[in-house]
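# A look at the structure
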Amino acid sequence: MSTTYETLLLDVADGVALVTVNRPEVRNAVSRQVLADLRSVLAGLREDDAAGVVVFTGAGDKAFIAGADISQLQHYTLHTALASEMQRVYDEIEAFEKPTIAAVNGYALGGGCELAMSCDIRIAADSARFGVPETTLSVLPGAGGTQRLARLVGTGRAIEMILTGRMVRADEALAHGLVTSVVPAADLLDTARDVARQILSKGPLAVRLAKLVVRAGMDTDQRTGLVIERLAQALLYTSDDKQEGAEAFLAKRPPVFQGR
């Protein structure tokens, strides 16, 4: 299935939904329309059983997303910030029920870096560059950048990146935990699809609950996180898929999971 939005392309095949920000003429900058289209595509994919994993990327070979649309930024006000539209959309991506992968094919700056950090897995082309240069415009990375970046790379590195606005190469991003892998640019989407296929081969209930437990545990203390983990495991032990997984393993055959 292929669907075109005003600023996005959507292609769903073999369980993988590929969402492409399609504004190459402005290096895929995030506008209000991009945010509206992202919200719309997420709503559709949430109910689409044909889509088990969502991959985000950018059109062309220059940029994943090279930040916010500066032509709109100059008109933003106190009320724009309080509405937090970009932050809310990225929160929705982070909390999305299905696994998400950012296939970072070029510059991921500002809102682009923040979108990538909202995803569960980040795979970068070797040509990718990351940065949160908002202080150059006398604003800060306000779509989750101050919080997610510190959790991924540590407080010191996050503050240094935010205050200086410097760009980070893909290999440094990998060394600091900002991305999970780096591959040649020509292999990026194939690698993302391969990772998606690995996820799709696993028990769907286990995948969904594992993501939920890790995310919830990050927002609490370890003891509470362990309780959440225990309760999620208890639910999985009652599932048909758990039984199927055990039986398939003992019979040395591929499991056939039903998501129940």
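Counting restarts for each chain, with residues numbered from 1 along the sequence as it is written. Two thresholds apply to this predicted model, a pLDDT of at least 70 for residue-level local features and 80 or more for giving and counting side-chain atom pairs, whereas whole-chain, interface and lining totals are computed over all residues. The basis for the side-chain values is all heavy atoms of the structure; hydrogens and waters are excluded.

Going by an unreviewed UniProt entry, the protein carries the name enoyl-CoA hydratase and comes from Nocardioides piscis. UniProt positions are given in the numbering used here, feature names are shortened, and annotations may be inferred rather than shown by experiment. Here is the UniProt Sequence similarities (unreviewed entry) comment for the protein, exactly as written: "Belongs to the enoyl-CoA hydratase/isomerase family."

This part takes up the domain arrangement of the protein. Domain delimitation follows an automatic or database domain assignment. When its domains are assigned, the protein resolves into domain 1 (8–200) and domain 2 (203–251). On the domain 2 side, the residues contacting the 11 residues of domain 1 number 4 residues. Together, the buried faces of domain 1 and domain 2 total about 640 Å²; carbon and sulfur atoms form 46% of this surface. Looking at the side of domain 1 facing domain 2, the largest losses of area belong to Glu94, Glu97 and Arg151, adding up to 56% of the total buried there. Think of a salt bridge as a Lys or Arg side-chain nitrogen and an Asp or Glu carboxyl oxygen that are within 4 Å of each other. On the surface where domain 1 and domain 2 come into contact, there are 3 salt bridges. When the shortest N-O distance is used, the salt bridge between Asp120 and Lys211 registers 2.8 Å. Between N or O atoms, a polar contact is any pair within 3.5 Å; within protein, one atom must be a potential hydrogen donor and the other a potential acceptor, and residues adjacent in sequence are included only when both atoms are from side chains. Between the two partners, domain 1 and domain 2, sit 5 residue pairs in polar contact (both at pLDDT 80 or more). Only heavy atoms enter the contact rule, under which two residues are in contact if any of them lie within 4.5 Å. What gets called buried area is simply the loss in accessible area from a 1.4 Å probe that two parts show on being joined, summed for both.

Turning our eyes to something else, we now look at the packing of helix H4 (residues 85–94) against helix H5 (residues 111–118). Following both chains from N to C, one finds H4 and H5 inclined at 25°, their axes separated by 8 Å at the closest point. Between H4 and H5, the crossing angle belongs to the class labelled roughly parallel. Between H4, through Met86, Tyr90, Ile93 and Glu94, and H5, the contact on the second element is made entirely by Gly111, Glu114, Leu115 and Ser118. Classifying every residue of the contact of H4 with H5 by side-chain character gives 4 nonpolar, 2 polar and 2 charged. All axes here are fitted lines through C-alpha atoms, helices being fitted over the stretch that makes contact, and every angle between N-to-C directions spans 0 to 180 degrees. We count a stretch as a helix when DSSP gives it H or I for four or more residues in a row; a strand needs E for two or more, and each element gets its number in order from the N terminus. With respect to orientation, any angle under 35 degrees is reported as roughly parallel, any angle over 145 as roughly antiparallel, any angle of 65 to 115 as roughly perpendicular, and every other angle as oblique. Gly falls in the polar group here, along with every residue not listed as nonpolar (Ala, Val, Leu, Ile, Met, Phe, Trp, Tyr, Cys, Pro) or charged (Asp, Glu, Lys, Arg).

This part is about the side chain of Glu114. Assignment of secondary structure puts Glu114 in helix H5. Throughout, exposure labels follow a simple rule: accessible area from a 1.4 Å probe, protein chains only, divided by the maximum for the residue type, with under 20% read as buried, over 50% as exposed, and the rest as partly exposed. Counted as positive: Lys and Arg. Counted as negative: Asp and Glu. His and the chain ends are not counted at all. One buried charge, Glu114, has no salt-bridge partner; the nearest side chain with opposite charge is Arg148, at 6.8 Å. Not counting the four nearest positions on each side in its chain, Glu114 is found in contact with Met86, Tyr90, Glu134, Pro141, Gly142, Ala143, Gly144 and Gly145.

For the rest of this paragraph, the subject is the sheet that holds strand S5 (residues 63–66). Across the sheet, which stays open at both edges, the 4 strands sit in the order S5-S7-S9-S10 with mixed pairing between neighbours. What marks the edges here is a single partner per strand, and that holds for S5 and strand S10 (168–169). Sheet contacts for H5: S5, strand S7 (107–109) and strand S9 (129–131); angle to S5, the most-contacted strand, approximately 115°. Two strands qualify as a pair provided that DSSP identifies no fewer than 2 bridges between them.

Glancing now at a nonpolar patch on the surface. There is a patch of nonpolar side chains on the surface, built from Ile70, Leu137 and Val139 and spanning about 240 Å² of accessible area. Here Val139 is to be found in the loop between S9 and helix H6 (145–153). Patch definition: residues above 30% relative accessible area lacking any salt bridge, with like charges linked at up to 9 Å and the nonpolar side chains Val, Leu, Ile, Met, Phe, Trp and Tyr linked at up to 5 Å. Surface accessibility in these figures is a Shrake-Rupley result with a 1.4 Å probe; residues are shielded only by whichever protein chains are displayed.

Moving on, we come to the pattern of salt bridges. Two side chains that carry opposite charge are able to pair once their charged atoms sit near each other. Here the structure, examined in full by the defined rule, presents 14 salt bridges. Residue Arg39 is joined to Glu92 by a salt bridge in which the shortest nitrogen-to-oxygen separation is 3.4 Å. Note that Arg39 is positioned in helix H1 (residues 32–46) and Glu92 in helix H4, a separation of 53 residues in sequence. By relative accessible area, Arg39 is classed as partly exposed at 36%. With a closest N to O distance of 3.4 Å, Arg46 and Glu92 form a salt bridge. Of this pair, Arg46 sits in helix H1 while Glu92 sits in helix H4; the two residues are 46 residues apart in sequence, bridging distant segments of the chain. Residue class for Arg46 comes out partly exposed when judged on its relative accessible area of 28%. In the salt-bridge network here, residues are joined through shared partners; they are Asp91, Glu94, Asp120, Arg148, Lys211 and Arg215.

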